[in-house]
Amino acid sequence: MDVGLRQFVIDAWSWLNYKPVMAEAGRPGSRAFPELAKTWVPPQELRRLAAYRVLASYDNNQAGQLAAVGGDASALERRELGDAANLVDTALGYLLGSEQKVAVEGAEHADEETPTPGAAEAAAVQKRLREWADKELLTFRVQQAERAAVLLGDSVMVLAWNPKKQRPTLRVYDPGFFFPQWDDAGDDFPSRVHLAWELPADDEAGLKARVRRVAYELGPISEGDEESAAAGARTYPWEPGRMSNTTCYLTDAEWLLEDLNGETLDRLPMSKASYRLGEDGTELNRLDLMVDFVPVVHIANTIPDGGEHWGRSLLARVLQALDELAATDSDSSAASATTGTPIIGLAGARLPVDRATGRTQELEVKAGAEWQLGETGRMDALDTSPQLAELRARVDHLLERIASNSRVTAAGLGTLDATEVPSGYALKLALGLLDALIGMMRLAREHKYRLLFKMVQRLYQAGRAEGWTAGETLPARLAWAPHTPTERAAVLEEVVTAYGAGVLSLETAVAMLLEAGYPIKDASQEVERIRAKAQQEAEVRMAKAAAARHGGGEDDQREAESDGDGEAAGSERAHAFGFVGAGRR
C-alpha cells in the first residue's frame, strides 16, 4: 500500500523497514549509498545490497552516521561501543568451535581389523582433501566466509582450477558482488551466476571507471569440442558411462561506465566488453570449464523460508534493541558528566571580576575551588545520580534482552554472574537457546560444505590430477568441534565403562574423546598406537608365562597359570586401561 514515500513491504529484509534509508521500496538507500544508484545494478537486488550496507555500518560503529544521513542530525552524538560486533564475533566463535576438519564418510573404518568395503578409498580421499585444505588455508577461508554470513546473512565461496598449482583454489567474495539468476524460483541452484563490482577510476594509470563482471553459465556443449565423445556431448570422470550435453562457461569482462546507457547487469552490451585473459593468455570469453556445475557456493546464515534463497543476519531481530542501547549509552554518558561535575546554583556569592575588562568571570567547578558567600548566601547542587543509576540499570536490561532475543544468551556472552549458576546442569539449561542457535546455523551450512567438497573432488578429476581417478564422488563434510566446553572427566568415565563392557568400538571411543577435547591429533593413528601397545603387553605376558613353564619354580608356574587363566577374562579391562593411558596422552 502506498503511503507517500513509504511502502508496506514484507520480504527477507523487511525487519529493516523502520530505517529511513530503507523506507523507499523502489530505490532504498539512494541517499545514504549513492553507489546503489548505478544503472547496472538490477532493481530487484537493491534492497538486499542496501541491507548489507546497513548491517556493515553497525559492525563498524557507524550506525549513528547512517541515521544522520537519513535526517536524524542528533544521531551523530550517539555513542556506539562495539556491541553489534561483539555479538557477531561471539556467535561466530561458538559456530566455528575450536577447529574444523574435513571428514569423508566411511574413512573412520579403514583401520579396523575388518574394514568395511570402500573404507580404504574413503581414507585416501580424506587424506588428500585434508592436504588440499591445508594448502588452501581452508580454516582461514571458512572464518572469512562465516563472519560475513553471521553479520550479513550471506557469504559466497568460489572454486577455480589452477593448472600451475594443480589443485582447486578457494576464494571468498563479498555477498554484495553476488548476483545469481534462477530460471525457476523453485530451483535449488542457479544456472547462471554473476560476480560483479565497480572499479574506480585511476587518473595516474589513465583508467576510467569500469564495472567488472565474472559470469558462470550452464549451457549446451559446443559441437566443436574435439574432446567430446560425440558431437555436443562428453563423459565426465565422476559419471563414467553417462553422456552429458551440459558444461559451464566462464566469461570475465569489463565495461566502461560511460559506455552504459541504462543496461542492467544481465543485459550489458557484449559489443562494448573488454575481455580479461587467463594465466595462459586465453581470452576469458565463454571459456569451457569442462565441468557440469557452477563452482560457486552460497552460504546462508539461516535456513531460508520457502521460496527464498537468502539468509538472515544474527543482528536482524535485535537491531532496534541495539539502537536503544546506543541511545541509552549516550544518555548515560551525559548524565555521568553532570554527576561528576554537577550543576551548581549559588546565591549571595561574590563573583570575581576581570580587572582588564571589568566583566564578571564565570565560576569554574573543580576540586579545591573556593567561593566567597555572603551572610545569606547558599549553594545548591543538582544531584543526577539517581537518573544515572536508572540509565545503567536500563543498559543491563537491554543487554539481557539482546542476549535473549538473539539466542546467544547471557551465559554465552559471558555477562552471566557465575555465582548465579548453582550447578553445571543449571548452566547447561542456561545455554539451551545457544545450543539450538548453533545447531540451526550448522544445519543451514551442512549441505553447502558437502557441496563444496564434492566440487573440489570433481575439479581434481577434471584437471586429471595425480591420484584422482575416475569414479563416483565420495561424500565429505566439514566436522565442527563442540561449541561449548565439555566435562572431560565425565566423558572419560563414560567411554571407559562403555568400551570395557564391549558396547562401544575402539574407534568410536577414541572419537568421543577427540570431541571432548582430549589432545588427540588423529583418531586413526591413536587407535593404531592403542592396539600396538595392547599387543605388546600381551606378548610380554605370553613370554613370561612360557618362561615360567619351562624354567621357573612351582610358585612361578602357579603365578603364570593364574595370569593365563585371567588373561581372557581381563582382556577387555586391559585394553580399556591401555586405551585410557593413550587417551590421557
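Details of the structure are given in the entry above.
The present account deals with the structure reproduced in this document. Keep in mind that what you see is a predicted model, and the values were worked out from it rather than measured.

This brings us to the overall build of the protein. Scanning the protein for helices and strands turns up 14 helices and 17 strands. When each of the 585 residues of the protein is scored for burial, the buried share is 40%. Residue pairs in contact within the protein that sit at least 24 positions apart in sequence constitute 66% of those at least 6 positions apart.

A few words now on the sheet that holds strand 14 (residues 296-300). Pairing is antiparallel across the open sheet formed by three strands, whose spatial order is 5-4-14. Edge positions in the open sheet fall to strand 5 (167-173) and strand 14, since each of these has one partner strand only. Each neighbouring strand pair of the sheet contributes to a mean axis angle of 25°, computed without reference to strand direction. Direction of pairing for strand 4 (residues 154-162) relative to strand 14: antiparallel, over a ladder of five bridges. Note on strand 14: the bridge partner recorded for Val156 is His298.

Time to look at the pattern of salt bridges. The tally for this structure, following the rule as stated, stands at 23 salt bridges. With its nearest N and O atoms 2.8 Å apart, the salt bridge here joins Arg242 to Glu239. Its salt-bridge partner being Glu254, residue Arg276 comes within 2.5 Å of it at the nearest N-O pair. In this pair, Arg276 sits in the loop between strand 12 (274-275) and strand 13 (287-288) while Glu254 sits in strand 11 (residues 246-256), placing the two residues 22 residues apart along the sequence. Accessibility expressed as a relative area gives 31% for Arg276, which makes it partly exposed. You can call Glu254 buried: its relative accessible area is 12%.

Our focus in this paragraph is the side chain of Lys19. Along the polypeptide, Lys19 turns up in the loop between strand 2 (6-7) and helix 1 (46-59). Residue classification places Lys19 among the buried positions, given a relative accessible area of 8%. For Lys19, the contacting residues outside a window of four places in its chain are Tyr58 and Asp323.

At a minimum axis separation of 13 Å, helix 5 (residues 138-152) and helix 10 (residues 432-462) run at an interaxial angle of 135°. When the axes of helix 5 and helix 10 are compared, the pair comes out oblique. Between helix 5 and helix 10 the crossing geometry is right-handed. Residues Leu138, Val142, Glu146, Ala149 and Val150 of helix 5 form the contact with helix 10, whose own contacting residues are Met441, Arg445, Tyr449 and Phe453. Looking at the contact of helix 5 with helix 10 residue by residue, the class counts come to seven nonpolar, no polar and two charged.

For helix 7 (residues 385-406), spanning 22 residues, the distance from its first C-alpha to its last is 31 Å, which sits close to the expected 32 Å at 1.5 Å a residue. Taken as a whole, helix 7 has its buried residues at Leu388, Leu391, Val395, Leu398, Ile402, Ala403 and Ser406. Taken around the axis of helix 7, the buried residues stretch over an arc of 135°, which confines them to a single face. Exposed residues pointing more than 90 degrees away from the buried face of helix 7 are listed as Glu390 and Glu400. Phi turns positive one or two residues past the end of helix 7, at Arg407, with a value near 70°.

With that out of the way, let us pick up the environment of Ala123. Positionally, Ala123 belongs in helix 4 (residues 119-135). As for Ala123 and Gly106, which are separated by 17 residues in sequence, their C-alpha atoms are 7.5 Å apart. Discounting chain neighbours no more than four positions away, the residues touching Ala123 are Ala107 and Ala110.

What follows covers the nonpolar core. In terms of nonpolar packing, the biggest core is built from 108 residues, with Trp40, Trp132, Leu138, Tyr216, Leu315, Tyr449 and Phe453 touching the most fellow members. If sequence neighbours within four positions are ignored, Trp40 has contacts with Phe179, Ala196, Trp197, Glu198, Val211, Leu257, Leu260, Glu263, Thr264, Leu265 and Leu268. Among the nonpolar cores identified, the runner-up in size contains 13 residues, and Val491, Ile520, Val527 and Ile530 belong to it.

A few words on the pairing of strand 11. Burial analysis of strand 11 places nine of its eleven residues in the buried class, the great majority of the element. As paired strands, strand 8 (residues 210-220) and strand 11 are joined by eleven bridges and run antiparallel to one another. Pairing of Ala215 across the sheet is with Thr251, part of strand 11. Bridge analysis of strand 11 against strand 13 gives two bridges, and the strand direction is antiparallel. Counterpart to Leu250 in the pairing with strand 13 is Leu287.

Along the polypeptide, His298 turns up in strand 14. Classification of His298 as buried rests on a relative accessible area of 11%. In this structure the C-alpha to C-alpha distance between His298 and Pro180, which are 118 residues apart in sequence, comes to 9.5 Å. With near-sequence residues (within four places) excluded, His298 lies in contact with Asp154, Ser155, Phe178, His309, Trp310 and Lys448. Side chain to side chain, His298 and Asp154 meet in a polar contact 2.9 Å long.

Further remarks concern empty space enclosed by the protein. To find leftover empty space, one rolls a probe the size of a water molecule over the atoms. In the structure shown here, the tally under the stated rule is one cavity of 30 Å³ or more. As a volume, the largest cavity reaches approximately 120 Å³. In this structure, the largest cavity is lined by 15 residues; those nearest its centre are Glu80, Asp83, Ala84, Leu322 and Ala326. Taken together, the elements giving at least two residues each to the lining of the largest cavity come down to helix 3 (83-96) and helix 6 (319-340).

Once that is clear, we can look at the packing of helix 3 against helix 5. Taken N-terminus to C-terminus, the directions of helix 3 and helix 5 make an angle of 130°; their axes are 10 Å apart at the nearest point. Taken together, the axis directions place helix 3 and helix 5 in an arrangement best described as oblique. Considering only the axes of helix 3 and helix 5, their crossing is right-handed. Residues Ala85, Val88, Asp89, Ala91, Leu92, Leu95 and Leu96 of helix 3 form the contact with helix 5, whose own contacting residues are Val142, Gln143, Glu146, Arg147, Val150 and Leu151.

On to helix 12 (residues 506-515), then. Those residues of helix 12 that fall on the buried side of the exposure criterion are Leu506, Glu507, Ala509, Val510 and Leu513. Here the buried residues of helix 12 occupy an arc of 165° about the axis, which is enough to place them on one side.

Let us now look at the side chain of Gln126. If you trace the backbone, Gln126 turns up in helix 4. Of note is the side chain of Gln126, whose polar atom sits 3.0 Å from the backbone nitrogen of Val104. Discounting chain neighbours no more than four positions away, the residues touching Gln126 are Val102, Ala103, Val104 and Ala107.

Thresholds, definitions, all that
Residues numbered from 1 in each chain as written. Predicted model: local features only at pLDDT ≥ 70, side-chain atom pairs only at ≥ 80, totals over all residues. Heavy atoms only, no water. Helix = DSSP H or I, 4+ residues; strand = E, 2+ residues; numbered from the N terminus. Buried < 20%, exposed > 50% of the residue type's maximum accessible area, 1.4 Å probe, protein only. Contact = heavy atoms within 4.5 Å. Pairing = 2+ DSSP bridges. Axes fitted to C-alpha atoms, helices over the stretch in contact; angles between N-to-C directions. Salt bridge = Lys/Arg side-chain N within 4 Å of Asp/Glu carboxyl O. Parallel < 35°, antiparallel > 145°, perpendicular 65-115°, else oblique. Left-handed = near helix turned anticlockwise from the far one by under 90°. Nonpolar A, V, L, I, M, F, W, Y, C, P; charged D, E, K, R; others polar. Expected span 1.5 Å × (residues − 1). Arc of directions from axis to C-beta. Core = buried A, V, L, I, M, F, W, Y, C linked by side-chain atoms within 4.5 Å. Polar contact = N/O pair within 3.5 Å; in protein donor to acceptor, adjacent residues only side chain to side chain. 1 Å grid on protein atoms, 1.4 Å probe; cavity = no way out; pocket = protein on both sides within 12 Å on 5 of 7 lines; lining within 4 Å. Points joined across faces, edges and corners; volume = space filled by probe spheres on them.

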